[in-house]
Amino acid sequence: MSIEQQNITRQRDGKTTTSFTQRPLAHWVKALAVAGVAASPLFSGVAMAQESAASTEALEEITVTGTRKLIQDQIAIKRDATTIVDGLSASDIGELPALSIGEALESITGASSHRENGGATEITIRGLGPFLSATHMNGREATNGSGDRSVNFSQFPSELMSKVAIAKSQDASMIEGGVAGVILLETLKPLEYGKQRVQIDAKANYNPDEANVDNSLQSDLGYRGTLSYVDQFEFGDGQAIGVSVGAQQQSISQPEAEYRGSGPSSTPTSLWPCLNDPTNTNEGFFRGSSGDCEDQVSGQTNQGYNTAIDPNTGKAVSDGTPYAWTGSTRGFRQNETSDERDSFFVALQYQPSDAWDINIDAQVSDRIQAEERHDLNFDQKRATVGVTGPSLLVDSNNQIIHWEGDGYIYAGGEKFSREENYEGYGLNIEHSFNERLSVNFDASFSQTNREELQITNDARSLTRERITWDMGKTIPNITVQDYDVTALEGYNRFRTRIDREAVRENTIEAYRLDVDYALGNDFITSIQGGIRTSALRYVEKGAARTEITNTSWTTETVLGSGLTISEACGIDFPESGLLDRVSDGNLITNVDANGNVIAQGTGSSFAAYDNQCISNALNELNGTTFAYPGVTLLDPGATNVSEDTVAAFVMANYESSFMERSLRGNFGVRIVQTDVESVGYRAPYVVTTDPTTGVLSLDPGTGIEAVKGGGSYTEYLPSVNFVWDYAEDKIIRGGLYRGMSRVEPADMGYSREFISADEDSNPMTVEDLLAGAEGSGNPNLKPLMSWNADLSLEWYPTDDAIFSAGLYYKKFLGGFEKRTQLENFEVDGETYALPITNDVTSEQTSNLYGLEITAAYRWDSGIGVKMGYNIADTDFEFEDGLYGDTYTTDLNGVTTQLTDGLIAPASVPGFSKQVFNGQLYYQIGDFDIAAIYKYRSSYFQPYTSDGTRLRYVDDVGTWEMRASYDINDHVKVKVEGINLFGAPKVQYYFEEGNLGEVNDYGARLFAGITVKF
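The structure displayed is predicted, hence computed values, not measured ones.

Trainee: I'd like a description of the sheet that holds strand S32 (residues 597-603), backed by residues and values.
Mentor: With respect to topology, six strands assemble into an open sheet ordered S21-S22-S25-S26-S31-S32, the strand pairing being mixed. The strands lining the two open edges of the sheet, one partner per strand, are strand S21 (393-394) and S32. Direction of pairing for strand S31 (residues 588-591) relative to S32: antiparallel, over a ladder of three bridges. Following the sheet pairing, Ile588 is matched in S32 by Gly603.

Trainee: Explain the state of the cysteines to me, and be specific about the residues and the numbers.
Mentor: Counted according to the given criterion, the structure contains two disulfides. The disulfide partner of Cys274 is Cys293, and the gap between their sulfur atoms is 2.1 Å. Judged by the sign of its S-S torsion, about 65°, the bond between Cys274 and Cys293 is right-handed. Separated by 19 residues along the polypeptide, Cys274 in strand S15 (residues 271-275) and Cys293 in the loop between strand S16 (291-292) and strand S17 (323-327) bring together distant segments of the chain. Sulfur-sulfur distance for the disulfide between Cys569 and Cys613 comes to 2.0 Å. On the S-S bond that ties Cys569 to Cys613, the torsion sits near -70°, and the link is left-handed. Of this pair, Cys569 sits in helix H7 (residues 565-569) while Cys613 sits in helix H8 (residues 611-622); the two residues are 44 residues apart in sequence, bridging distant segments of the chain. The pair Cys569 / Cys613 is uniform in exposure class, with both members buried. In the chain, the bonded cysteines, numbered by position in the sequence, are linked as 1-2, 3-4.

Trainee: Break down the environment of Gly680 for me, citing the residues and quoting the values.
Mentor: Mapped onto the elements of the fold, Gly680 is located in strand S35 (residues 661-682). Overall, the relative accessible area of 1% leaves Gly680 in the buried class. On a C-alpha basis, the gap between Gly680 and Gly711 in space is 14 Å, while along the polypeptide they are 31 residues apart.

Trainee: Quick rundown of the nonpolar core? Include the residues and the values.
Mentor: Counting 102 residues, the largest nonpolar core has Phe332 and Tyr491 as the members making the most contacts within it. In terms of nonpolar packing, the next biggest core, distinct from the first, is built from 15 residues, Val707, Val766, Leu770 and Leu834 among them.

Trainee: An account of a negative patch on the surface is needed here, citing residue identities and associated values.
Mentor: The grouping of Glu767, Asp768, Glu826, Asp828 and Glu830 at the surface amounts to a negative patch. By the secondary structure assignment, Asp768 is in helix H9 (residues 766-769).

Trainee: Please provide a residue-by-residue account of the pattern of salt bridges, values included.
Mentor: A full pass over the atoms with the stated rule returns 51 salt bridges. Of the charged contacts, one joins Glu452 and Arg418 as a salt bridge, the two residues approaching to 2.8 Å between their closest N and O atoms. Placement of the pair is Glu452 in strand S24 (residues 437-461) and Arg418 in strand S23 (residues 409-432), with a sequence separation of 34 residues. For the salt bridge of Asp514 with Arg512, the shortest nitrogen-to-oxygen distance reads 3.0 Å. When its relative accessible area of 8% is taken as the criterion, Asp514 is described as buried. Taken together, the shared-partner salt bridges in this structure form one network comprising Lys78, Asp86, Arg126, Lys168, Asp790 and Glu852.

Trainee: Provide a residue-level description of helix H3 (residues 66-80), including the pertinent values.
Mentor: In an α-helix, one full turn covers 3.6 residues, which means residues spaced three or four apart are oriented alike. With 15 residues, H3 should cover 21 Å at 1.5 Å per step; its first-to-last C-alpha distance of 21 Å lies within 8% of that length. The buried count for H3 comes to 13 of 15 residues, which makes it a mostly enclosed element.

Trainee: I'd like a rundown of H8, residues and numbers included.
Mentor: Between its first and last C-alpha atoms H8 spans 17 Å; for twelve residues at 1.5 Å apiece the expected length is 16 Å, and the two agree. Of the positions making up H8, those classed as buried are Asn611, Gln612, Cys613, Ile614, Ser615, Ala617, Leu618 and Asn619. Note on H8: the residue one or two positions beyond its end, Gly623, has a positive phi of about 80°.

Trainee: Residues and numbers for the packing of aromatic side chains, please.
Mentor: Within this structure, the stated rule accounts for 26 aromatic pairs. Aromatic pair Phe494 and Tyr609: ring centres 6.0 Å apart, planes at 85°, arrangement edge-to-face. Residue Phe494 is found in strand S27 (residues 491-518), and its partner Tyr609 is found in strand S33 (residues 608-609); the two are separated by 115 residues along the sequence. Pair check on accessibility: Phe494 and Tyr609 agree, each one buried. With 6.1 Å between their ring centres and 35° between their planes, Tyr654 and Phe667 make a pair best called tilted. Here Tyr654, found in strand S34 (residues 639-658), pairs with Phe667, found in strand S35; they are 13 residues apart in sequence, far enough to count as distant. In this structure Tyr654 comes out as buried when scored by relative accessible area, which is 8%.

Trainee: Break down the sheet that holds strand S7 (residues 133-137) for me, citing the residues and quoting the values.
Mentor: Read across the sheet, five strands follow the order S4-S9-S10-S7-S8 without closing on themselves; strand pairing throughout is mixed. Single-partner strands in this sheet number two, and they are strand S4 (85-89) and strand S8 (140-141). Here five bridges tie S7 to strand S10 (residues 181-187), and the two strands are oriented parallel to one another. Pairing of Met137 across the sheet is with Leu185, part of S10.

Trainee: For unusual backbone geometry, give the residues involved together with the corresponding values.
Mentor: In the Ramachandran plot, Asn302 falls in the positive-phi region, its phi being about 50° despite a non-glycine side chain. Secondary-structure assignment places Asn302 in the loop between S16 and S17. Since its relative accessible area comes to 36%, Asn302 is described here as partly exposed. The residue Glu660 is not glycine, and still its phi comes out positive at about 65°. Residue Glu660 is classed as exposed on the basis of its relative accessible area, which comes to 79%.

Trainee: Give me the lowdown on the pairing of S23, citing residues and values where you can.
Mentor: Residues in a regular strand project their side chains so that they alternate between the two faces of the sheet. With 23 bridges joining them, strand S19 (residues 356-379) and S23 adopt antiparallel strand pairing. Within S23, the residue paired with Asp375 across the bridge is Gly412. In this structure, S23 lies alongside S24, joined through 23 bridges in antiparallel fashion. Pairing of Gly412 across the sheet is with Asp458, part of S24. Linking two consecutive strands that pair antiparallel, namely S23 and S24, is a turn of four residues.

Trainee: Got a sec to walk through the side chain of Ser251? Specific residues and values, please.
Mentor: By secondary structure assignment, the location of Ser251 is in strand S13 (residues 240-252). Take Ser251: its relative accessible area is 7%, and that puts it in the buried class. A distance of 3.0 Å separates the side chain of Ser251 from the side chain of Gln218, its partner in a polar contact. If sequence neighbours within four positions are ignored, Ser251 has contacts with Gln218, Gly222, Tyr223, Asp339 and Glu340.

Trainee: I'd like a description of the pairing of S10, backed by residues and values.
Mentor: Across the seven residues that make up S10, a large majority, seven, are buried. Sheet topology note: the strand S9 (residues 161-167)/S10 ladder contains six bridges and is antiparallel. Across the sheet, Ala165 pairs through a bridge with Leu184, a residue of S10.

Trainee: Break down the environment of Gln249 for me, citing the residues and quoting the values.
Mentor: Position of Gln249 among the secondary structure elements: in strand S13. Residue class for Gln249 comes out partly exposed when judged on its relative accessible area of 38%. With 94 residues separating them along the chain, Gln249 and Ser343 place their C-alpha atoms 6.5 Å apart. Leave out the neighbours within four places in its chain, and Gln249 touches Tyr223, Arg224, Gly225, Arg341 and Asp342. Here Tyr223 takes part through its side chain, which lies 2.8 Å from a polar atom of the side chain of Gln249. At 3.3 Å, the side chain of Gln249 and the side chain of Asp342 are in polar contact.

How each quantity is defined
Residues numbered from 1 in each chain as written. Predicted model: local features only at pLDDT ≥ 70, side-chain atom pairs only at ≥ 80, totals over all residues. Heavy atoms only, no water. Pairing = 2+ DSSP bridges. Helix = DSSP H or I, 4+ residues; strand = E, 2+ residues; numbered from the N terminus. Disulfide = S-S within 2.5 Å. Buried < 20%, exposed > 50% of the residue type's maximum accessible area, 1.4 Å probe, protein only. Core = buried A, V, L, I, M, F, W, Y, C linked by side-chain atoms within 4.5 Å. Patch = residues over 30% accessible without salt bridge, like charges linked within 9 Å, V, L, I, M, F, W, Y side chains within 5 Å. Areas by Shrake-Rupley, 256 points an atom, 1.4 Å probe, with all protein chains shown as cover. Salt bridge = Lys/Arg side-chain N within 4 Å of Asp/Glu carboxyl O. Lys, Arg positive; Asp, Glu negative; His and termini not counted. Charge placed at Lys NZ, Arg CZ, Asp CG, Glu CD. Expected span 1.5 Å × (residues − 1). Phe/Tyr/Trp six-rings, centres within 6.5 Å; stacked < 30°, edge-to-face > 60°. Polar contact = N/O pair within 3.5 Å; in protein donor to acceptor, adjacent residues only side chain to side chain. Contact = heavy atoms within 4.5 Å.

Coordinates in, geometry out; function isn't part of it.
In structure tokens:
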């Protein structure tokens, strides 16, 4: 609806209320309220409430802008919605109060983010991770390049968004997919905006940490420029056309310094629980000969603490044995960074008459992130006889706090780039046949492409050096003996790896047809129904790597240019004061045999190289030319998933009264049918018969063949919502619904290989030859389901104030476990059912309880506050795939425990028990200033390269501030800053308290000017 929201003081029953007046253009767009229900139902309540406000005489007009207006709109969105919704609505272009969509969403009660590169990326709702939520752009699903269903909000400029909100309860008309909630993003509709505007928004970016970095990728000062144009054209024959165009270019740095330990990556892991038993000289830190602590002197390698079940005790083989977590290496990383983004949004709205409303919109965003990384790493898992074990100190979290031994020192780095391209297109047509019947058709296409390129170089010290490290306040401090880590000539055995990976394409094509019929009776006011089809495709090509290693190449090896590697590729260390915010002083101290400090090699810098130069040099020495390897879909490591969904819903909207007070809401059901097909690729197999014995063997053929798997499911999603206005300014709101969260597309791959029978069994038939199958990915994974209940008590004493408290409950139906199932495979034209053990959706049930509080108030002095708090608890358990309790269920349904877990299970991925955001603002006249604090308690974030491994992110609180001044009606100046006090991100591996990584970001500051005509 084309409505300009103007606060007008009115008198009714002795109370001051807020109403809205229509602009003249509203004559042509009055049907847009119904369109809003179809495209974004949770915002429609605000518009309809504005249109139906009492038309009493206006006594005084008051224009409210800035922070106060934003908070008033937040309150109005919550008050007028039928479901439980919190959101932000910008009355003008570029007025969302944040530097990114992620930061804007964090200001909503119960929302928090996972931080990457210092900014908000994936959003969690009520402490539940992005896996359990969904994101809709203009009422449609949006793609991403991560292989999951979350959205990287850094991809979209906040300046070009008009509304963001979170629906925490759902109704039948909403697209399925969010157990925790649904994030709603809307771009501006030009006729609804209702005025002509040309606007330029220019921001300069300065990051204080960047002043300490000699950044080869970006200057000390970045920028962000936005240009937008909105206009409307009315014609005498009753037609109206609106156009909105926006473009943004961003070029900034994202300084980040890191302490890094080896992570819980692939099997076997590079982070081990090594035995710390003085009586055991066969393995661990007290082994009888120097070597890696996870390897046995006599026996197995890659062992460490053994969680396998001892049949004699029913417990782990190593049960009761002390241990300590030990990474292959620990060290420091310096980063040079660049983040460039070009975005373009366009919307066209055409209304040929009162009965038609046609919207076409498009969003395009291209983003390139680049990093030059410089690393210094130290061996740690090697145990030195008579040194490491006796000197080892371990805390209560089994974390090493003092370590000594002999190990290699590695100097290296990485050149990394990620390009991500997003395109979204939509067509929405609404037609009102009469006052009762309207139909809405929507077609959309969304596509994201991502590609990552990386060069990884390293060289190690000539010999093993004596290393000591002690845990400091936040990160360790390293001491080396008679070794200068800054000397370029001190390293040899150069290696370079050239990777092209994460080459992904994610597309969603969807069509929707909705019908709304107004009944006009005393209870059921209208019936809505509709059908939606969508086709998702996720493709990830197999990663490719080129690796060059030569143990004889050192920094003094001469290249064709006549220069040595160190002369050609060595650079000055690019940063001063590396990690000084989280360290206890010097990162590295160089001492002699008597413990005296040697100045050379003591400090917080180390040998650094130009990564591209090193890789070029090693290719030259190898007789090859540098090139990133090509990738193909026809690769055993590729993923090719298609997911087709048909959904239909019917919903009744009702209005009545209870105890002489208004009661409204809706009830309905959504039915969702989903079919999944996944294509895997492998070498073909040929069954060969020995001509003499008749024994069969399974031999690999040549080339690549495609194999297919799949699955399907149908789910019913009923919902009921009510809003009871039990007093003039008080509401009781509630909802009950069944929700679903689909499995990530990347987890539905279909990599399969055969397990052939033992050669000694002399198989004579194919049935005897094929013992089973193995592989990864499961296209038959079912969604995680939940029953959800919400009850909220809300008080709205003024337009500037709200006090609400809500209770919510979620009963999860499903978890993930290993289970043996039969799958059909075709061999030589015949179909065979073979057992395979894989991840499946279990029938596990768990519960979550939460309390959510929102409060806002403004005093006449111009000072106002707003806060949101969420606290929750759950009994959901997520076992680590390597060191947790693991089970397998055979074909007969018999479950057997395989391992007795060493570590406690985590909770729901992304679950934080407590989330808080608070804002203190002051606004008088043209001056507006606000301070914001955001807090999130610790949470489980699955490890990136293996989602079954436990990784925890420590609790963190960050401060932000923004201020603006309207010079006149056309010019505004503003400053903004996030993470003002440089709060780091601290990560723990396997167990909370076992330090894995610290990311030190620093503050990010912006200053800008907005000019509008």
